[in-house]
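# Fold and contact review
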Amino acid sequence: MSPFLQAFLTPSSTAVKFALKGVIAMFVALYIALWMDLERPYWAMISAAFLQIRPMSGMVIEKGLCQLGGTIIGALVGILIMSLFAQARVPALMMLTCWIMLCIYSASLTRNNFAYGFVMGAVTAMLVVVISHSGTSSVFDVAVARISEIGLGALCATIISALLWPTHVRHHLATQADETLKQAFTYAARRLEGYSSQEMLQTLTASLEPLMVLETDSQAARYEDPSGPGRVRGAHLLTRRTMRLLATTEAIDQLLRDPHSRLDDNVRRLAQETSACFLEALSIANPTDARERLQQQRHITYAFETEALSTLSLRVLLGLREILGHASIMLEARATIDHPEAHRLRSPSLSWHRDHLVAGLNGLRAGVVFSFVAVFWLMTSWTSGTTALLLATLFSGIFASYPNPAKVGTVLLKGMLVAIPSAFLFGHVLLSQANGFPMLAMLMGVPLFVGLLGAGHPVTIGYSLPFTVANILLTMPGNDMNFAIDYFLNRGLAVVIGVCAMVMGFRLIPAFSEKLIRRRLTAATTRDLDRVARRPPQQTDIWFSDRMADRLLKLARHDEMLPEDQRHLLALGLSGLDMGRACLRLRRRLDDVDDVEVQAAYRRLLELFAKSFVESSNGRVPHDFIKAAHRLRECVTDCEDLSPKRRLLVEGLVERMALSFERQAGQMAKALAQAS
């Protein structure tokens, strides 16, 4: 059965409950808005509909607060613009365009529902300015009406979400955390087992998908109960350790595959046993027992640590010990999500990577889309231009950060085109013969329930959500409804023009190319690696890991948009994370060494570190770094201030860094040749 038939003919009980909750919330909001005789009561329905898309209690509360906060700020900005340009449409629209671009730029630099709050700030200011210029209502009345309608919808959605079949963010986070552990442990096991690179790429992408959802949604847990902040810390810790596990496993695999690495057979056998240990830990239901199994394997690695090991064999041994430690902490973080009161974790918020150039492009896109529709509205004095401006601004803001917004816009357009005959039948022909709110709810409830039913399925949500919103906008339920056919066709044309303008704007201003994304990734990672080589390690470790973790989550989305033979951005990011952490480990072992020759060779290596990452990312072998690494190994070997074990650790670490750069240069040279 196709996903569409499955979504509408055999829906799950969860999808049915979700649709019922959404419909009830929308009609409760509509009834109160009609009773209060608000100017545009359908806005309360739209507000409730958007909040019910993620019906978990914490999500609804967080999104409602962000929506209301963005609405209030947008209304104040709209009043300010009108106070300056009440009699001048063009300057007012120019100022409004700048505000919309600023809001979408800011939304692209934030996360979660806070980005939606910025979008609502842009939409509300647009409504205040446009409606005030085209109607008879005063500016202040328009602003108060918008705040009242949107606030009412948010309140109704929050109450209905808490009373009817309540769901909680903590259960959602637990599910995503379980999937993250499953995929990450499977990736580590297969990497150590020696699977092909193509199979590893698919497994790595599967590992990051639930992690992206977990990290994005975790902030809403703080709104559910006093234990919420503990769950947020658990999610942050799970994200950090998962990324470190993936990066270190990638580095171990490079050494295991290198035919010139001269690894000890016992170490290779230990890697195979560690692979089996990860799969065994997955089969253990109790997290405590799974942690004990990982700790047992970690203790086994100490028995292999002998003076007879080569430097690279020792590095592999320490790497195996490290990923087993990461896995144990991941299981503890998972347990914290369920029982935060029993685990006292200290895990601060992540330090995000922000790309201001991409955010600026998103703001420019939204500004161009709005300007195009606004000019059309000014030239034609179109009565339904407000609807077109609304949809163009709303959807260009929501989908600006998507990897392929033009494709998403095409899906939106299809859903809204289907909504036109539906709204004409249920919201025009049948509703014109009905009388009273119960009949209105029964007739409008049919397409809205169907739309929300499809919105509960991940494959059909792109078509169903715009179908639902378009039915509301085309019907515009209120105390004084207009059932004239020309009025309906006018609204239908506004819906089509608004979405088409968004699609055209995104096609005229496409996203940055893969080449530029790779260049900016390399530049951003290089700047961070340079700081890693200069700043104190204690202040840099968490900061660097967080920035790279966020960067890797973004790169996973970009890689999904590329052909399979060009998906190397994520591998490049993993290499940057691993090399940065390797540099931090090296600094902890050599910063306090007083030997002059060791310090000179060590400082030379740090000076070349960031530059070498750039060279290897562009497919060039960093010969200067390799020479500096060889010189440092010689100096460390002759240094009497270092213990034999510490000397061996440093030699292995430096040799592995040189081999990693050399291997990365070969991989990138091959990838760039295929891309060209």
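Just above sits the structure.
Quantities reported herein were computed from a predicted structural model and do not represent experimental measurements.

Here we come to the pattern of salt bridges. If you walk through the whole model with that rule in mind, you get 16 salt bridges. Between R631 and E634 there is a salt bridge, with the nearest N and O atoms lying 3.8 Å from each other. Of this pair, R631 and E634 both sit in helix α24 (residues 623-638), separated by 3 residues, roughly a single helical turn. Using a relative accessible area of 36% as the deciding quantity, one classes E634 as partly exposed. Connected through shared salt-bridge partners, E39, R40, R146 and E149 make up one network.

Bringing the packing of helix α8 (residues 169-193) against helix α13 (residues 311-338) into the picture now. With their axes 9 Å apart at the nearest point, α8 and α13 run at an angle of 165 degrees to one another. One finds that α8 runs roughly antiparallel with respect to α13. In this structure, α8 crosses over α13, and the sense of that crossing is left-handed. Contact with α8, carried on its side by R170, L173, A174, A177, D178, L181, A184, F185 and L192, involves L320, I323, A327, M330, L331, R334, I337 and D338 of α13 and no other residues of that element.

What follows deals with empty space enclosed by the protein. This model, assessed by the stated rule, comprises 4 cavities of 30 Å³ or more. As a volume, the largest cavity reaches approximately 70 Å³. Lining the largest cavity, in full, are T248, A251, I252, L255, R315, V316, G319, E322, D578, R585 and R656. Counting residues per element, the ones that place at least two in the lining of the largest cavity are α10 (228-257), α13 and α22 (569-590). Grouping the constituent residues of the lining of the largest cavity by class yields 4 nonpolar, 2 polar and 5 charged. Its volume calculated, the second largest cavity comes out at about 50 Å³. Every residue lining the second largest cavity is listed: W43, I46, S47, F50, Q67, Y116, M120, I150 and L394. Elements with a contribution of two residues or more to the lining of the second largest cavity: α3 (42-51) and α6 (112-134).

The rules behind the values
- Residues numbered from 1 in each chain as written.
- Predicted model: local features only at pLDDT ≥ 70, side-chain atom pairs only at ≥ 80, totals over all residues.
- Heavy atoms only, no water.
- Salt bridge = Lys/Arg side-chain N within 4 Å of Asp/Glu carboxyl O.
- Helix = DSSP H or I, 4+ residues; strand = E, 2+ residues; numbered from the N terminus.
- Buried < 20%, exposed > 50% of the residue type's maximum accessible area, 1.4 Å probe, protein only.
- Axes fitted to C-alpha atoms, helices over the stretch in contact; angles between N-to-C directions.
- Parallel < 35°, antiparallel > 145°, perpendicular 65-115°, else oblique.
- Left-handed = near helix turned anticlockwise from the far one by under 90°.
- Contact = heavy atoms within 4.5 Å.
- 1 Å grid on protein atoms, 1.4 Å probe; cavity = no way out; pocket = protein on both sides within 12 Å on 5 of 7 lines; lining within 4 Å.
- Points joined across faces, edges and corners; volume = space filled by probe spheres on them.
- Nonpolar A, V, L, I, M, F, W, Y, C, P; charged D, E, K, R; others polar.

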